[in-house]
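Overview (structure and organization)
Residue strings, one per chain:
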Amino acid sequence: MPESGKTQQARSARLGAGGGRAGLKRWRPASALLSCSACSPTRLPCFQCRLMLVANGASSVSKEYQNILALAFAVKEINENPKILPNTTLGFHILNSYYIARMTYKATLSLLSTQQRFIPNFKCDRKKHLMAVIGALASETSANIATILGIYKIPQFTSGPLSPVQRDKMLFPYIYQMVPNEALMFIGIVHLFQHFKWTWIGLLAMDDNSGDRFLQMVIPLLTQNKICSSFTVRITRITFMDDFAEVVFMLQNQYHVFLESKANVYFVYGEPPSLHILSMLLTAAESFGLPPLGKVWIVTSQWDFNTWSIQKSWDIMVFHGALSFVIHSNQPPGFHNFLQMIKPSWSKGDGFIQEFWEQAFDCSLKRSYLHEESERMCTGEEKLESLPAILFERSMTGRSYGVYNAAYAVAHALHAIYISRSKQKQLVEGGGLSFHNVEPWQLHHFLRNIDFNNTARDTVRFNANGEIVEGFEVTNWVTFPNSSFVRVKVGRLAPQEPQGQGLTLREDHMDVCINCPEDHHSNMQRTKCIPKNISFLSYKEPLGIILAISAISFALITALVLQIFVKHRDTALVKANNRSLTYILLISLLLCFLCSLLFIGQPVNVTCLLRQTTFGFIFSVVLSIMLAKTITVILAFMATKPGSRMRKWVGKKMAHLIIFSCSLLQAGICTLWLSTSPPFPDKDLHSLTDKIILECNEGSAAMFYYVLGYMGFLAIVSLSVAFLARKLPDSFNEAKFITFSMLVFCSVWISFVPTYLSTKGKSMVAVEIFSILTSSAGLLGCIFTPKCYIIILSPKLNNKDQLIRRNKIK
C-alpha cells in the first residue's frame, strides 16, 4: 500500500507457525474470518496483517485474498480521505477461524489481548483499540464470535446468513448482517422455479444445524407452491484433509442417487467447506468412472468457485449455466487500479502476498523453498489478469463488497462520534480527536441509524433487525474449459416487495441449459421442455398413402400378368420358358409387393418379426428362380449338341432343385435370426430432437446384413450367368431380359445401402419400401413386358413355327 500524508506502513508479522511450503497431511480449509480492528493512534499507524496457520498446514489464500484486499482498499481510501476521520488512522488485523470452534474462540480472544501476548481481557496497547469485527461467512462461526464479543458489546459484521436464533436481538443485539435475510432469497428461488415451471427438483444441504434449518424452511415453502423434491442429500463438512477420502467415498455412493433421479434441477444450500467437497466430487466424477449429470444448479449466496491448490486444473464445466442468488455488489472506482499495484513487494505489511502469489502462479518466491526441479521461481512480474477466475476475480464480489461497506460503516460511525464530540469541543492538544476513551458499545447508536452513499453510489443502511437493506442479484455462471468463468447478472430480487414478488429476470441474458426428459425436447426459446411427437410411417400420412397405393397397384398388375399367363398357358411363348417357373416367379413378385405393406403402420411384435425375414426370404426365392431360368437356358442349349451328357440335367427337376436349395439357405439364416435375436418394437428417442421414432429394432444388425448379403450374392450370380447366356439363340432364350432386369435390381440395392444408413425414422422405412417396390417392378417390367406385348398385341407371333422361322432368319 503506498504511503500518504495520512498513513504510514508498519512492518507486519509474517506467516505464523509452520510457515513455508508445508505438505497436505493436516489440511485445514482457511476461508478467512476477517476481523477488522479499527484503531485510533494519534500519530502512529497500526496496519498489520497476519495469517495464523497450524503447523504443517496449507490453505487456499487465492480466492479469500480479494476479501483481504477489499478491506485494505477500503481502509486506504478512508485514511486518504480528509473528509472522514481527519487526523486519525484506521488499521486492521486479520485472523483465521479454520471453521473450528476452538480456533475461532482463540482468535477472538486474541483480539482482546495485547498483541503477541495471549492474555484475554488484559490489553495494555492503547494505540490499537479494537472497535469492530468483520466476520464470518459461516453462521456457526459468527455465533461463536458473538458469544465472546457480546460480553464487550463490540459491533460484529457478518458476511453470511444468520440463523433465526442469531437474528434474535435479545440474544445477539450487536450483530450487523451485511447480507439480506435469506428467507427472502428462499422465496425468490421458489418464484424462479415457478417461472421456469420446474416442479421436480433435488435438494442438497449440509449435514449440520444450518442444513436442518434450511430444510425446515424450504420444504414447506416448496410444498405450498406445488413443487416436489425427488431426493434430499446431506453433505458432510470436513475440517481436516484426513477426513477427505472418507467423505468423498460416501458422496460417491450418493452420486448414484443423482443419476437415478428424474429431476433436472438441483437446489444446493451450503457453506464453503461443504461446497468445496461437492465441487470436488462433481468435477472429479469422470476419474471415478461416473457419467456427468447435466443438471441445472440453483445455489445460494454462499456459493463460490473457491478452490484449493489441488483443484486449480479441475474442470468446472459441470456447473455451466448454474443460477445463484448472490449478494448485491458494485465496483468502487479505483479498485481495478489498486489491484494493478499488487506485487510481491507491494507492501511489507501484507503477510498474505507470498502465500497467495505462490498458490496462484504455481511458483516459489524463495529459492530455498524449491523442492523439485520442475518447480520454478516467481519473477514477481506475473499479472493478475492472467489468472483464471477460479483463482482470482478482478471484479469485486458480493462478499468483498460487504467487507468494503462494513469498513466504511465503522468509519462513518466513528466519524459521527468525531462530529458529535467536535460540537462539544472535546479536543485534545494537537488538534486531533482522542478515541482512547471511546468504547465499542458507543458505536451502536450511530450504526443503527447510519445512512450513507459509498464511493460506488450505493446506499448503505441497516433495518431494525440489523440487516443491510439490499436485495439479491440473480447470477448466471458461464464457465469455460480454461477454468475461468463469468458472472452474468440476469435478474434482481428487490427487498421492498413482499413475498419475493420483486423478482425480475432477463432471460435473454441467461445461458441456462437443462437436460429435458428423454421423451421431451426444448422449445425454440429454450425456456421449457415440451413432449416429443410420435413418429412412424402411417397409413394416414401422404407418404404412407402413396407407398401403400403403389404396392397394391403393382400387386394388382402382377396378378393381372399371372392371369394372362394362366389363360395363355398352352401357347408357345408361355411353354417355351418353363411355365411352372414363370408362375412361381409371378406369385413371388406378387408377395414382394405385398410384403412392403408390413413396413407401413405402427410397429408391433408381429410386423417386426415378419417384415425383414419375409422380405428376405421372398426375394431370395425370386432371385433363385431367375438363376434357375438362366441355368436351364444354358443347359438346354448345351444339350442340343450331339453326344452331350447335359441332356440328363435338362428338365424341371434341376430348376426346382436350384430354387429349393438357394431358398433353403436363406430360410435357415432367417430362422437363426428369429431364434437368437428376433426383431422387436422399439423407441428411438435420440436420433431426432423433436420426435420419438417408433421403429422395429432389428435385434441383430449382423443377421440383417447377412440376409441382405446373401440376396446380393444371389443377384450377382444371376447377373453373371444371365450375362454369359444373353447371346444364345433367343427363340427359347429370355437371358437377355433377365440380364437387363438384374442390372436394374443390383443398381437399386447398391444405392439402397448408403441411403438407408444415412436416414432416420420413417424416411429410412420409406427408403426400404421404395427399394422393394422399384426392384420388384424392374423385374416385372423387364421380363414380362415383352412377353405380354406378344401375347396380347401380337398373337400371330405366339406360335412355335413363327418362333422357329424368326430364329432361322436371325
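Residues numbered from 1 in each chain as written. Predicted model: local features only at pLDDT ≥ 70, side-chain atom pairs only at ≥ 80, totals over all residues. Heavy atoms only, no water.

1. Describing the overall build of the protein
- Assigned secondary structure in the protein consists of 20 helices and 18 strands.
- By residue count, 55% of the 810 residues in the protein fall in the buried class.
- Within the protein, counting contacts between residues at least 6 apart in sequence, those at least 24 apart form 74% of the total. (Helix = DSSP H or I, 4+ residues; strand = E, 2+ residues; numbered from the N terminus. Buried < 20%, exposed > 50% of the residue type's maximum accessible area, 1.4 Å probe, protein only. Contact = heavy atoms within 4.5 Å.)

2. Comments concerning a nonpolar patch on the surface
- There is a patch of nonpolar side chains on the surface, built from Val604, Val606, Leu609, Leu610 and Leu674 and spanning about 380 Å² of accessible area.
- For the nonpolar patch, the element with the highest residue contribution is helix H15 (residues 605-639), accounting for 3 residues.
- A relative accessible area of 54% means that valine 606 is categorised as exposed. (Patch = residues over 30% accessible without salt bridge, like charges linked within 9 Å, V, L, I, M, F, W, Y side chains within 5 Å. Areas by Shrake-Rupley, 256 points an atom, 1.4 Å probe, with all protein chains shown as cover. Salt bridge = Lys/Arg side-chain N within 4 Å of Asp/Glu carboxyl O.)

3. So, the sheet that holds strand E12 (residues 485-493)
- The strand order E5-E4-E6-E7-E8-E11-E12-E13 describes an open sheet built from 8 strands, whose pairing is mixed. Bordering the open sheet on either side are strand E5 (228-235) and strand E13 (503-505), each of which pairs with just one other strand. For this sheet, the mean angle separating the axes of adjacent strands, direction not counted, is 30°.
- Here 3 bridges tie E12 to E13, and the two strands are oriented antiparallel to one another. Its bridge partner being in E13, leucine 493 is matched across the sheet by leucine 503.
- Contacts between helix H4 (residues 182-195) and the sheet are confined to strand E4 (200-206), strand E6 (265-269), strand E7 (296-299), strand E8 (322-327), strand E11 (472-479), E12 and E13, with E6 contributing the most and set at about 175° to the helix.
- Of the strands in this sheet, E4, E5 and E6 are in contact with helix H5 (residues 209-224), which crosses E4 at around 160°. (Pairing = 2+ DSSP bridges. Axes fitted to C-alpha atoms, helices over the stretch in contact; angles between N-to-C directions.)

4. Comments concerning helix H3 (residues 139-152)
- In this model, H3 (14 residues) spans 20 Å end to end at C-alpha, consistent with the 20 Å of a helix rising 1.5 Å per residue.
- Of all the residues in H3, the buried ones are Ser139, Thr141, Ser142, Ala143, Asn144, Ile145, Ala146, Ile148 and Leu149.
- Tucked inside the fold, the buried residues of H3 contact helix H2 (101-111), strand E1 (133-134), strand E2 (156-158), strand E3 (175-177) and H5.
- Positioned one or two residues after H3, lysine 153 has a phi angle of 60°, which is positive. (Expected span 1.5 Å × (residues − 1).)

5. Quick word on the packing of aromatic side chains
- In this structure the tally under the stated criterion is 38 aromatic pairs.
- Taken together, a centroid distance of 5.4 Å and an interplanar angle of 55° make the contact between tyrosine 176 and phenylalanine 462 tilted. Residue tyrosine 176 is located in strand E3, and its partner phenylalanine 462 is located in the loop between strand E10 (459-461) and E11; the two are separated by 286 residues in the primary sequence.
- Overall, tyrosine 176 belongs to the buried group, its relative accessible area being 2%.
- We classify phenylalanine 462 as buried; its relative accessible area is 6%.
- Three or more aromatic residues joined by ring pairs make a cluster, and in this case those are Phe615, Phe619, Trp673, Phe704, Tyr705, Phe745, Trp749, Phe752 and Tyr756. (Phe/Tyr/Trp six-rings, centres within 6.5 Å; stacked < 30°, edge-to-face > 60°.)

6. Description of the side chain of threonine 571
- The residue threonine 571 is located in the loop between helix H12 (542-567) and helix H13 (572-576) in this model.
- Given a relative accessible area of 18%, threonine 571 falls into the buried group.

7. So, the pairing of E6
- In terms of residue burial, E6 counts as a mostly covered element, since 5 of its 5 residues are buried.
- Here E4 pairs with E6 via 5 bridges, running parallel. Bridge assignment links glycine 202 to a residue of E6, and that residue is tyrosine 266.
- Pairing of E6 with E7, which is carried by 4 bridges, proceeds in the parallel orientation. Looking at the pairing, phenylalanine 267 lines up with isoleucine 298 of E7.

8. Side note on the packing of H2 against H3
- In contact at an axis separation of 9 Å, H2 and H3 are set at 40° when each is read in the N-to-C sense. On the basis of the axis angle, H2 is oblique to H3. Regarding H2 and H3, the two cross each other, and that crossing is right-handed. Between H2 and H3, the residues in contact are Ala101, Thr104, Tyr105, Thr108 and Leu109 and Thr141, Asn144, Ile145, Ile148 and Leu149, respectively.
- Per-class residue counts for the contact of H2 with H3 are 6 nonpolar, 4 polar and no charged. (Parallel < 35°, antiparallel > 145°, perpendicular 65-115°, else oblique. Left-handed = near helix turned anticlockwise from the far one by under 90°. Nonpolar A, V, L, I, M, F, W, Y, C, P; charged D, E, K, R; others polar.)

9. Describing the sheet that holds E1
- Across the sheet, 3 strands lie side by side as E1-E2-E3; this open sheet has parallel pairing. Since the sheet does not close on itself, it has two edges, and those belong to E1 and E3, each with one partner.
- Looking at chain direction, E1 and E2 are connected through 2 bridges and run parallel. Note that in E2 the partner of valine 133 across the bridge is glutamine 156.

10. Comments concerning the state of the cysteines
- Counted by the stated rule, this structure contains 2 disulfides.
- One disulfide bridge connects cysteine 363 with cysteine 378, the sulfur atoms lying 1.7 Å from each other. What sets the handedness of the cysteine 363 and cysteine 378 disulfide is the S-S torsion sign, and at about 95° it is right-handed. You can see cysteine 363 sitting in the loop between helix H9 (353-361) and helix H10 (398-423) and its partner cysteine 378 sitting in the loop between H9 and H10, a full 15 residues away along the chain.
- The class of cysteine 363 is buried, set by a relative accessible area of 0%.
- The buried category is assigned to cysteine 378, whose relative accessible area is 10%.
- Between the sulfur atoms of cysteine 608 and its disulfide mate cysteine 696 the distance is 1.9 Å. Across the disulfide from cysteine 608 to cysteine 696, rotation about the S-S bond amounts to roughly -80°, and the bridge is consequently left-handed. With a gap of 88 residues between them, cysteine 608 in helix H15 and cysteine 696 in strand E18 (residues 691-697) connect regions that are remote in the sequence.
- Exposure remark for cysteine 608: the relative accessible area of 1% places this residue in the buried category.
- A disulfide-free cysteine, cysteine 592 has its sulfur positioned 5.6 Å from the sulfur of cysteine 595, the nearest such atom. (Disulfide = S-S within 2.5 Å.)

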